[in-house]
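Examination of the molecular architecture
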Amino acid sequence: AQRVTQPEKLLSVFKGAPVELKCNYSYSGSPELFWYVQYSRQRLQLLLRHISRESIKGFTADLNKGETSFHLKKPFAQEEDSAMYYCALSGGSTLGRLYFGRGTQLTVWP
Amino acid sequence: DVKVTQSSRYLVKRTGEKVFLECVQDMDHENMFWYRQDPGLGLRLIYFSYDVKMKEKGDIPEGYSVSREKKERFSLILESASTNQTSMYLCASSTPMELFFGEGSRLTVL
């Protein structure tokens, strides 16, 4: 069965500090993983997907199949990064159906 | 620009009332979804649909039903609202690689 775990409900860092939001998954097949973000009073939106191997707003995430992790990282956090972050997994043939973690609320202090 | 529109941003209903939440997308997506978003629980899938008149149960379908009479419209129905259905409801449509969310409908059941 598919499962996504985000162990940190809340995460606080100071501006300019590195930040890492953890995500672990459970899936027997070949996973597709995503990070979605929700800024205050905005709709939930895609931040990045592992298959694209891209960096968005300075964030990167590497899929580690050995550790079944997809942690989101940014070397220098900014105040505008404060938001709710959700890790999500797509598995099997059901295209578009995602399994979400419980989310991590990131606060970046000035 | 993909647009997913949820007609009601805020609703207050009484226990036992029938509630309709409407969602319209303008990108001709075949896949549409209804999620429930609760603090500490993340996003949980209620129902989804891959085509007109087609629906599948998600992880928490109890107490809900859906209707998809036209491709662009996906409605969530609470036949008899209960207080434990007080929540934020998110509609989404998708391509195989990305979910596009509406702004959400915050339902309070008194």
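Just so we're clear, the structure is a prediction, and the values are computed from it rather than from any experiment.

1. A look at the overall build of chain A
A count of helical and extended segments in chain A gives zero helices and 11 strands. Mapped from its N terminus to its C terminus, chain A presents α and β elements in the order β-β-β-β-β-β-β-β-β-β-β. Relative to its length of 110 residues, chain A is compact, with a C-alpha radius of gyration of 13 Å against a globular reference of 13 Å. Each of the three principal axes of chain A carries a C-alpha extent, and together these read 45 × 30 × 25 Å. Of all 110 residues assigned to chain A, the portion counted as buried reaches 45%.

2. Describing the sheet that holds strand β3 (residues 19-21) of chain A
Residue and element names in this part refer to chain A. Ordered in space as β3-β8-β7, the three strands form an open sheet in which the pairing is antiparallel. Sheet topology places β3 and β7 (60-61) at the edges, where each strand pairs with a single neighbour. Pairing between β3 and strand β8 (residues 72-74): three bridges, direction antiparallel. By the bridge assignment for β8, Leu21 is matched with Leu72.

3. Topic: the nonpolar core
Counting residues in each nonpolar core, the largest one holds 24 residues, and the members touching the most others are Trp35, Leu72 and Tyr85 of chain A. Counting residues per element, the ones that place at least two in this core are β2 (10-14), β3, β5 (32-38), β6 (45-49), β9 (83-90) and β11 (104-109) of chain A. Among the elements that make up this core, the one with the highest residue count is β9 of chain A (four residues). Residues Leu11, Val19, Val66 and Ala81 of chain B belong to the second largest nonpolar core, which totals 21 residues.

4. Let's talk about the pairing of strand β9 (residues 73-78) of chain B
All names here are of chain B. Burial within β9 is extensive, with five of its six residues counted as buried. Note that strand β3 (residues 19-21) and β9 share three bridges and pair antiparallel. Note on β9: the bridge partner recorded for Val19 is Leu78. Note: strand β8 (residues 65-70) against β9, four bridges, orientation antiparallel. In the strand pairing of β9, Ser65 is matched with Ile77.

5. Points about the state of the cysteines
All names here are of chain A. On inspection of all chains with the given rule, the structure shows two disulfides over all chains. A sulfur-sulfur distance of 2.0 Å marks the disulfide that ties Cys23 to Cys87. On the sign convention where negative means left-handed, the S-S torsion of about -65° between Cys23 and Cys87 marks this disulfide as left-handed. Pair noted here: Cys23 is in the loop between β3 and β4 (24-26) and Cys87 is in strand β9, with a separation of 64 residues, a long-range link. For Cys23, a relative accessible area of 0% translates into the label buried.

6. Remarks on the pattern of salt bridges
All names here are of chain B. The final tally for this structure, using the stated rule, is 13 salt bridges over all chains. Residues Lys18 and Glu79 are paired through a salt bridge, measuring 3.5 Å at the closest nitrogen-oxygen approach. Remark: Glu79 occurs in the loop between β9 and β10 (87-95) and Lys18 occurs in the loop between β2 (10-13) and β3; sequence separation between them is 61 residues.

7. Some details on the interface of chain B and chain A
Taken together, the contact pairs 25 residues of chain B with 19 residues of chain A. Counting each side, the surface lost to burial between chain B and chain A is near 1900 Å², with a carbon and sulfur contribution of 53%. By the criterion of area lost to chain A, the three top residues of chain B are Leu43, Met97 and Phe101 of chain B, representing 29% of everything that side buries. Where chain B packs against chain A, one counts three salt bridges. Of the charged contacts, one joins Arg97 of chain A and Asp59 of chain B as a salt bridge, the two residues approaching to 3.1 Å between their closest N and O atoms. The interface formed by chain B and chain A contains seven residue pairs in polar contact (both at pLDDT 80 or more).

8. Comments concerning the packing of aromatic side chains
Residue and element names in this part refer to chain B. Applying the stated criterion to the full structure yields 12 aromatic pairs over all chains. Ring geometry for Tyr35 versus Phe101: centroids 6.1 Å apart, planes at 50°, classification tilted. Residue Tyr35 is found in strand β5 (residues 31-38), and its partner Phe101 is found in strand β11 (residues 98-101); the two are separated by 66 residues along the sequence. Classification of Tyr35 by relative accessible area gives buried; the value is 1%.

Rules used in this analysis
- Residues numbered from 1 in each chain as written.
- Chains lettered and ligands numbered in written order.
- Predicted model: local features only at pLDDT ≥ 70, side-chain atom pairs only at ≥ 80, totals over all residues.
- Heavy atoms only, no water.
- Helix = DSSP H or I, 4+ residues; strand = E, 2+ residues; numbered from the N terminus.
- Rg over C-alpha atoms; globule rule 2.2 N^0.38 Å.
- Buried < 20%, exposed > 50% of the residue type's maximum accessible area, 1.4 Å probe, protein only.
- Pairing = 2+ DSSP bridges.
- Core = buried A, V, L, I, M, F, W, Y, C linked by side-chain atoms within 4.5 Å.
- Disulfide = S-S within 2.5 Å.
- Salt bridge = Lys/Arg side-chain N within 4 Å of Asp/Glu carboxyl O.
- Contact = heavy atoms within 4.5 Å.
- Buried area = accessible area lost by both parts, 1.4 Å probe.
- Polar contact = N/O pair within 3.5 Å; in protein donor to acceptor, adjacent residues only side chain to side chain.
- Phe/Tyr/Trp six-rings, centres within 6.5 Å; stacked < 30°, edge-to-face > 60°.

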